[in-house]
Amino acid sequence: MVLAGAGLGDYELLPDTSHYTPKGRLNIMRYISTRGTAPDLSFEEAMLTGLARDGGLYVPEHVPALTHAQIAAMAGKSYEEVAFEVMRPFIGDTFTDAEFKALIDQAYAGFGHAARAPLVQIDSNHYLLELFHGPTLAFKDFAMQLIGQMFQAALSRSGDRVTIVGATSGDTGSAAIEAFRGLKAVDVIIMYPHGRVSEVQRRQMTTPTESNVHALAVDGDFDDCQAAVKDMFNDFTFREEVKLAGVNSINWGRVLAQVVYYFTAAVSLGAPHREVSFTVPTGNFGDIFAGYIAKKMGLPIADLIVATNQNDILHRTLQTGAYTKEGVNPTISPSMDIQVSSNFERALFDAYDRDGAAVAAQMEDLKQGGFQISQGAYQMLKDTFKSGRASEGETHAAIKTYLANHGELLCPHTAVGVHVAEAHLGTTPMVTLATAHPAKFPDAVKAASGVAAPLPPRMADLYDRPERLTRVPSDLAAIQALIKERIAH
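Just so you know, these numbers come straight off a predicted model, no measurement behind them. (Residues numbered from 1 in each chain as written. Predicted model: local features only at pLDDT ≥ 70, side-chain atom pairs only at ≥ 80, totals over all residues. Heavy atoms only, no water.)

Participant: What is the right way to read the overall build of the protein from this model?
Facilitator: Tallying secondary structure elements over the protein gives 19 helices and 17 strands in all. Whereas a compact globule of 489 residues would reach a radius of gyration of roughly 23 Å, the protein reaches 21 Å, a difference of no more than 12%. In terms of overall dimensions, the protein has a C-alpha envelope of 65 × 55 × 45 Å along the principal axes. Long-range pairs, those at least 24 residues apart, make up 74% of the contacts in the protein with a sequence separation of at least 6. Total accessible area on the protein stands at roughly 17600 Å², and carbon and sulfur atoms take up 50% of it. Averaging the coordinates of the 41 positive side-chain charges in the protein and doing the same for the 55 negative ones gives two points 2 Å apart. (Helix = DSSP H or I, 4+ residues; strand = E, 2+ residues; numbered from the N terminus. Rg over C-alpha atoms; globule rule 2.2 N^0.38 Å. Contact = heavy atoms within 4.5 Å. Areas by Shrake-Rupley, 256 points an atom, 1.4 Å probe, with all protein chains shown as cover. Lys, Arg positive; Asp, Glu negative; His and termini not counted. Charge placed at Lys NZ, Arg CZ, Asp CG, Glu CD.)

Participant: So what exactly am I meant to see when it comes to the sheet that holds strand β17 (residues 470–473) here?
Facilitator: Hydrogen bonding along the main chain pairs the strands of a sheet, whether they run parallel or antiparallel. With parallel pairing, five strands are arranged side by side in an open sheet as β10-β7-β8-β9-β17. Looking at which strands have only one partner, the edges of the open sheet turn out to be β10 (244–245) and β17. The pairing of strand β9 (residues 213–219) with β17 spans four bridges and is parallel. Looking across to β17, one finds that Asp 219 is bridged to Pro 473. Relative to the sheet, helix α6 (residues 171–180) contacts β7 (162–167), β8 (186–193) and β9, its axis offset from that of β8 by approximately 165°. Packed onto the sheet, helix α7 (residues 199–206) meets β8 and β9 and runs at close to 155° relative to β8. (Pairing = 2+ DSSP bridges. Axes fitted to C-alpha atoms, helices over the stretch in contact; angles between N-to-C directions.)

Participant: Help me out: how do you make sense of the packing of aromatic side chains in this one?
Facilitator: The description of an aromatic ring pair uses the distance of the two centres, along with the angle that the planes make with each other. Evaluation of the coordinates by the stated rule reveals 20 aromatic pairs. Ring centres of Tyr 262 and Phe 278 lie 4.8 Å apart, and the angle between their planes is 65°; this geometry places the pair in the edge-to-face category. Taken together, the residues Tyr 262 in helix α10 (residues 252–268) and Phe 278 in strand β11 (residues 276–281) connect sequence positions 16 residues apart. Judged by its relative accessible area of 0%, Tyr 262 falls in the buried class. Residue class for Phe 278 comes out buried when judged on its relative accessible area of 0%. Following the ring pairs from residue to residue traces out a cluster consisting of Tyr 79, Tyr 108, Phe 111, Phe 142, Tyr 261, Tyr 262 and Phe 278. Over the face of the ring belonging to Phe 236 we find Arg 53, whose NZ or CZ atom lies 4.2 Å from the ring centre. (Phe/Tyr/Trp six-rings, centres within 6.5 Å; stacked < 30°, edge-to-face > 60°. Buried < 20%, exposed > 50% of the residue type's maximum accessible area, 1.4 Å probe, protein only. Lys NZ or Arg CZ within 6 Å of the ring centre and 35° of its normal.)

Participant: I would appreciate a short explanation of helix α17 (residues 412–422) in the present structure.
Facilitator: Quick reminder: α-helices carry 3.6 residues per turn. Residues three or four places apart thus point the same way. Most of α17 is tucked away: nine of the 11 residues are buried. Those residues of α17 that sit buried are Pro 412, His 413, Thr 414, Ala 415, Val 416, Gly 417, Val 418, Val 420 and Ala 421.

Participant: I'm lost on the confidence of the model for the protein in this one. Help?
Facilitator: Caution applies to low-pLDDT regions: their predicted coordinates should not be interpreted in detail. Overall, the predicted model of the protein reaches an average pLDDT of 92, with 94% of residues at or above 70. Low pLDDT, under 50, characterises residues 1–26; the stretch is placed with 45 contacts to residues that sit more than four places away or in other chains. (pLDDT = per-residue confidence, 0-100.)

Participant: How should the pairing of β7 be read in this particular structure?
Facilitator: Here is the key point about a regular strand: its side chains alternate between the two faces of the sheet. Of all the six residues making up β7, six are buried; the element is thus mostly covered by neighbouring parts of the structure. Burial along β7 is two-sided: Val 162, Ile 164 and Gly 166 facing one way and Thr 163, Val 165 and Ala 167 facing the other are all buried. Direction of pairing for β7 relative to β8: parallel, over a ladder of six bridges. Across the sheet, Gly 166 pairs through a bridge with Ile 190, a residue of β8. Considered for its hand, the β-α-β crossover made up of β7, α6 and β8 is right-handed. Here two bridges tie β7 to β10, and the two strands are oriented parallel to one another. (Right-handed = clockwise from strand over helix to strand, strands pointing away.)

Participant: Explain the pattern of salt bridges here, please?
Facilitator: In a structure, side chains of opposite charge can pair up when their charged atoms sit close to one another. With the rule as written, the count across this model stands at 24 salt bridges. A salt bridge links Arg 53 to Glu 240; the nearest nitrogen and oxygen atoms lie 3.2 Å apart. Linking Arg 53 in the loop between α1 (43–49) and β4 (58–60) with Glu 240 in helix α9 (residues 236–242), this pair joins segments that are 187 residues apart in sequence. Across the salt bridge formed by Arg 161 and Asp 187, the nearest N and O atoms sit 3.2 Å from each other. With Arg 161 in the loop between α5 (140–158) and β7 and Asp 187 in strand β8, this pair connects stretches of sequence that are 26 residues apart. Residue class for Asp 187 comes out buried when judged on its relative accessible area of 6%. (Salt bridge = Lys/Arg side-chain N within 4 Å of Asp/Glu carboxyl O.)

Participant: For this particular structure, what's the right way to read the packing of helix α13 (residues 344–351) against helix α15 (residues 375–384)?
Facilitator: Describing two packed helices takes the angle between their axes plus the distance from one axis to the other. Contact pair α13 / α15: the axes reach a minimum separation of 9 Å and the direction vectors enclose 115°. As α13 runs across α15, the sense of the crossing is right-handed. Residues Phe 344, Ala 347, Leu 348, Asp 350 and Ala 351 of α13 form the contact with α15, whose own contacting residues are Ala 377, Met 380 and Leu 381. Of the residues contributing to the contact of α13 with α15, the split by class is seven nonpolar, no polar and one charged. (Left-handed = near helix turned anticlockwise from the far one by under 90°. Nonpolar A, V, L, I, M, F, W, Y, C, P; charged D, E, K, R; others polar.)

Participant: Teacher, can you tell me more about the packing of α5 against α6 here?
Facilitator: Running from amino to carboxyl end, α5 crosses α6 at an angle of 35°, the nearest separation of the two axes being 9 Å. Read as a crossing pair, α5 and α6 show a hand that is right-handed. Every residue of α6 that contacts α5 at Lys 140, Asp 141, Met 144, Gln 145, Ile 147, Gly 148 and Phe 151 is listed here: Asp 171, Thr 172, Ala 175, Ala 176, Glu 178, Ala 179 and Phe 180. Of the residues that constitute the contact of α5 with α6, the class distribution is seven nonpolar, three polar and four charged.

Participant: How do you make sense of the environment of Thr 384 when you look at a structure like this?
Facilitator: If you trace the backbone, Thr 384 turns up in helix α15. Thr 384 gets classed as buried once you look at its relative accessible area, which sits at 15%. On a C-alpha basis, the gap between Thr 384 and Asn 329 in space is 28 Å, while along the polypeptide they are 55 residues apart. Residues contacting Thr 384, with those up to four places away along its chain left out, are Tyr 292 and Leu 304. A polar atom in the side chain of Thr 384 sits 2.7 Å from the backbone oxygen of Met 380. (Polar contact = N/O pair within 3.5 Å; in protein donor to acceptor, adjacent residues only side chain to side chain.)

Participant: Whenever I open this one, the side chain of Lys 440 confuses me. Can you help?
Facilitator: Note on placement: Lys 440 falls in the loop between β16 (430–434) and α18 (442–449). Side-chain polar atoms of Lys 440 contact the side chain of Asp 171, separated by 2.8 Å. Once residues lying within four places of it in the same chain are set aside, the contact partners of Lys 440 are Thr 136, Leu 137, Ala 138, Asp 171, Ser 174, Ser 198, Val 200, Gln 201 and Gln 204.

See the structure below:
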């Protein structure tokens, strides 16, 4: 068998698929748990499984590096071509080259911009990476549209059916529903915190009519929803009974798809011949962890800057080394209203030199409210990530100022990003990730800027569509009973 890999030439698959000779041949990628005791899996198994059976998150056994020449050759290529080259080394033999190229093309065909993720200059050395041209107007579409295609292809081949259960602070849920609605092999149940997402976000989840999608409004915050998902994965009887699968950012496939736009942005600005920095508004750490993977692959990233709103646990942790939960306060940037950042566990795993037992111990301490990162691990995190925060007032001010001075209407999350980025501007090009279209947060944007951001024409009737949702208590048993009832019909 021969694998054509990522513009790297052909690689011979040896009879023992776990090893290759050192003469330029690739490993078949295996995935290991951040907590060290779950079985290693293939890409397909890790994608369909989501959370590891020991409660950990799957990460690649190693991160393949691209050469200076391979990165330089991405200049002028389409987004889809770069996506294939970046992701191909990670997927093993799950799909042939032709299959994977077709899945990528299908995933991004519905995006509203030819560049998929265009760069817009907003200052002399500051750029926005517009990640909101997908079907639900948020960066989650880049991963979810591709995950939907890959799930469908894998399940069609096996004849299996799965139940996808996800938690969302706003954008993941709508992106998941859009990606999986109407698919025959999948039931989709999305939990969101009742009253804590924008009206547009809610309606994107509650107005689809397909019978395989279900929106659950949970009485609680996002962390309650996310905890319920993890508890369901750790209930192995329930997990097997409903054939549970996850597409939250716990799913490695989600992170992998997001690595791509770091490459397209950096190459557009001169990489690999010069460094580029990125500021990432993030609550669950998945989007900036994708940047970390891009850097490990050889992309010359100078700074990776975590931008948080007033629910600033990531900023506080990077400043102090103590990960301590506090209450979640609702903000105008609700997708970052989080205190338990799942993907931070992946960063900790590397910070602890891939010691799964150490990570498992920290996660046990988190159940009691928090943990102190060891000095060596903390130093690695400080060397890798910078951080900043934006208050509600600063977020409002950024929306108003960037419209007045730069002609750019920002969503609140992007406004958090540009506010934090301003403190880190220098001679290196800075890219701030514009994670959502301002029309997804019309009330907050209008209150800050005086301008209403209209929805795209294809969504103009969103407020007129009937909604379909179920309000549920933050009670695991009640949610599990409801899920079993829904998928039985």
